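# Tertiary structure, described
Spelled out from the first residue to the last, the chains are:
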Amino acid sequence: DQVSYTSLDKKQLELVKEQTGIEYLTGNIELVKSCKYIIIAVKPQHFSSLGKEIKEFITKDHIILSPMGGVTISMLKEVLGIDTKIIRFMPNTPALVGEGMTLVTFGTDIFIEEEKETFLKFIQSFGT
């Protein structure tokens, strides 16, 4: 009840639903409107168009999490808005079996301790 997801790939949506029992949302805007923490995990070349789609729905209360290689915090802020809170993270392959190491960079934004703790609990689910 605390996780939502969406994808352009309908087969992937059904597969994740089948494996986890979690219902998916039908679009990006619906997802942004219903979540505080938003993981943007698209191929970097698709980020600009996704960002344009969701930008007007991103508020100062949202926290954007990005594992996209080559997309910097400043690039994320440029597309999504300067007031957007950003956390960049990059897990490695062993994360797939809960043994990964993840590099984390918090933007210069002010995060309350609860926000940092929530994020750290999330990444600890797949390693250190």
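Description of the structure in this document. (Residues numbered from 1 in each chain as written. Predicted model: local features only at pLDDT ≥ 70, side-chain atom pairs only at ≥ 80, totals over all residues. Heavy atoms only, no water.)

## Digging into the pairing of strand β2 (residues 63-66)
A two-sided burial pattern is seen for β2, the buried positions comprising Ile63 and Leu65 on one face and Ile64 and Ser66 on the other. Summarising the sheet, strand β1 (residues 37-39) and β2 pair through 3 bridges and their orientation is parallel. Pairing of isoleucine 39 across the sheet is with leucine 65, part of β2. Tracing the backbone out of β1, into helix α3 (residues 44-54) and back to the parallel element β2 gives a crossover that is right-handed. Handedness of the crossover joining β2 and strand β3 (residues 85-91) through helix α4 (residues 73-80) is recorded here as right-handed. (Buried < 20%, exposed > 50% of the residue type's maximum accessible area, 1.4 Å probe, protein only. Helix = DSSP H or I, 4+ residues; strand = E, 2+ residues; numbered from the N terminus. Pairing = 2+ DSSP bridges. Right-handed = clockwise from strand over helix to strand, strands pointing away.)

## Some remarks on the packing of aromatic side chains
Tallied over the full model, the rule gives 7 aromatic pairs. Note on phenylalanine 119 and phenylalanine 122: the rings are 6.4 Å apart at their centroids and 45° apart in plane angle, and the pair reads as tilted. Taken as a pair, phenylalanine 119 and phenylalanine 122 lie in helix α5 (residues 113-124) at a separation of 3 residues, close to a single helical turn. Taken together, a centroid distance of 5.5 Å and an interplanar angle of 85° make the contact between phenylalanine 122 and phenylalanine 126 edge-to-face. (Phe/Tyr/Trp six-rings, centres within 6.5 Å; stacked < 30°, edge-to-face > 60°.)

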